[in-house]
Amino acid sequence: MSLAPSRKAGDTVESTVVQVWPELRHVPDNQHEHHDAVVTELLTPSRELPFVGICLLEVGTIVEIKSAMVVYGESQRRGRFLLRRSQHEHLLDEGGVYLFAVCAPTPDRDIIVAKVVPATLVDEFEFSWVERETRSD
């Protein structure tokens, strides 16, 4: 069975993220479906990867990588990050973070900008949930 285009794009970005930031190790879905990476070496903010509301990521911190293209579709709408409630609750329970990446609208999905945000702060944003089965909520 082939993967959906959005899933392929997400996998591409996840691979790129763990290559750019070697302090992260990829966690495949068959090991855990609610996060994509784990910190293996102390990770601190940088110009290329700023953090919001925290000063560092300790070894063992779980990371959910969310990506969106800067634009998508023929009408060039802005990309959107899709958050799942079950995934978010797991991150909250485990003290995890999101790594949000905005990518170029190309097959390689080059990362234009990225930012780390603790799951606890994401609750302050205005958004709606999406579930895997329906893709809308």
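Residues numbered from 1 in each chain as written. Predicted model: local features only at pLDDT ≥ 70, side-chain atom pairs only at ≥ 80, totals over all residues. Heavy atoms only, no water.

Enquirer: I keep staring at the overall build of the protein and nothing clicks. Help me out?
Expert: Helix and strand content of the protein: 3 helices and 7 strands. Secondary structure elements of the protein occur, N-terminal to C-terminal, as α-β-β-β-β-β-α-β-β-α. Residues classed as buried in the protein amount to 36% of the 137 residues present. The long-range share in the protein, meaning contacts at least 24 apart out of those at least 6 apart in sequence, stands at 49%. Surface summary for the protein: the accessible area is close to 8,400 Å², and the carbon and sulfur share equals 51%. (Helix = DSSP H or I, 4+ residues; strand = E, 2+ residues; numbered from the N terminus. Buried < 20%, exposed > 50% of the residue type's maximum accessible area, 1.4 Å probe, protein only. Contact = heavy atoms within 4.5 Å. Areas by Shrake-Rupley, 256 points an atom, 1.4 Å probe, with all protein chains shown as cover.)

Enquirer: Would you explain the side chain of K66 in this entry?
Expert: The residue K66 is located in strand 3 (residues 62-69) in this model. Under the relative-accessibility criterion, K66 is labelled buried at 10%. A polar contact of 2.8 Å, which involves the side chain of K66, links it to the backbone oxygen of L82. In terms of polar contacts, K66 uses its side chain to reach the side chain of Q87, at 2.9 Å. Leaving out residues up to four positions away in the same chain, K66 has contacts with F81, L82, L83, Q87, Y98, L99, F100 and A101. (Polar contact = N/O pair within 3.5 Å; in protein donor to acceptor, adjacent residues only side chain to side chain.)

Enquirer: Would you mind going over the pairing of strand 3 with me for this structure?
Expert: Note on strand geometry: in a regular strand, side chains alternate between the two faces of the sheet. Of all 8 residues that make up strand 3, 6 are buried, and the element is covered over most of its length. Bridge analysis of strand 2 (residues 37-39) against strand 3 gives 2 bridges, and the strand direction is antiparallel. Its bridge partner being in strand 3, V38 is matched across the sheet by I62. Bridging between strand 3 and strand 6 (residues 97-103) involves 7 bridges; their strand directions are parallel. Looking across to strand 6, one finds that K66 is bridged to F100. (Pairing = 2+ DSSP bridges.)

Enquirer: It is not clear to me how the nonpolar core should be interpreted in this structure. Could you clarify?
Expert: The nonpolar side chains of a soluble globular protein tend to be buried, and buried together. In this structure, L24, L43, L49, V63 and L99 are the most contacted members of the largest nonpolar core, which totals 19 residues. Only helix 1 (5-20), strand 2, strand 3, strand 6 and strand 7 (111-118) provide two or more residues apiece to this core. Looking at which element gives the most residues to this core, the answer is strand 6, with 4 residues. Look past the residues within four positions of L99 in its chain and what remains in contact with it is V17, L24, L49, V63, E64, I65, K66, A114, K115 and V116. Among the nonpolar cores identified, the runner-up in size contains 8 residues, and L91, Y98, F100 and A119 belong to it. (Core = buried A, V, L, I, M, F, W, Y, C linked by side-chain atoms within 4.5 Å.)

Enquirer: I tried to follow the packing of aromatic side chains on my own but got confused; where do I start?
Expert: Given two aromatic rings, their pairing is described by the distance between the two centres and the angle made by the two planes. In the structure shown here, the tally under the stated rule is 2 aromatic pairs. Plain terms: the ring middles of F81 and F100 are 4.8 Å apart, the flat faces sit at 65° to each other, and that makes the pair edge-to-face. Here the residue F81 occupies a position in the loop between strand 5 (77-78) and helix 2 (85-94), and F100 occupies one in strand 6, the gap between them amounting to 19 residues. A relative accessible area of 13% places F100 in the buried class. With 5.3 Å between their ring centres and 15° between their planes, Y98 and F100 make a pair best called stacked. A single burial state applies to Y98 and to F100, both of which are buried. Among the aromatic side chains, those forming a connected cluster through ring pairs are F81, Y98 and F100. (Phe/Tyr/Trp six-rings, centres within 6.5 Å; stacked < 30°, edge-to-face > 60°.)

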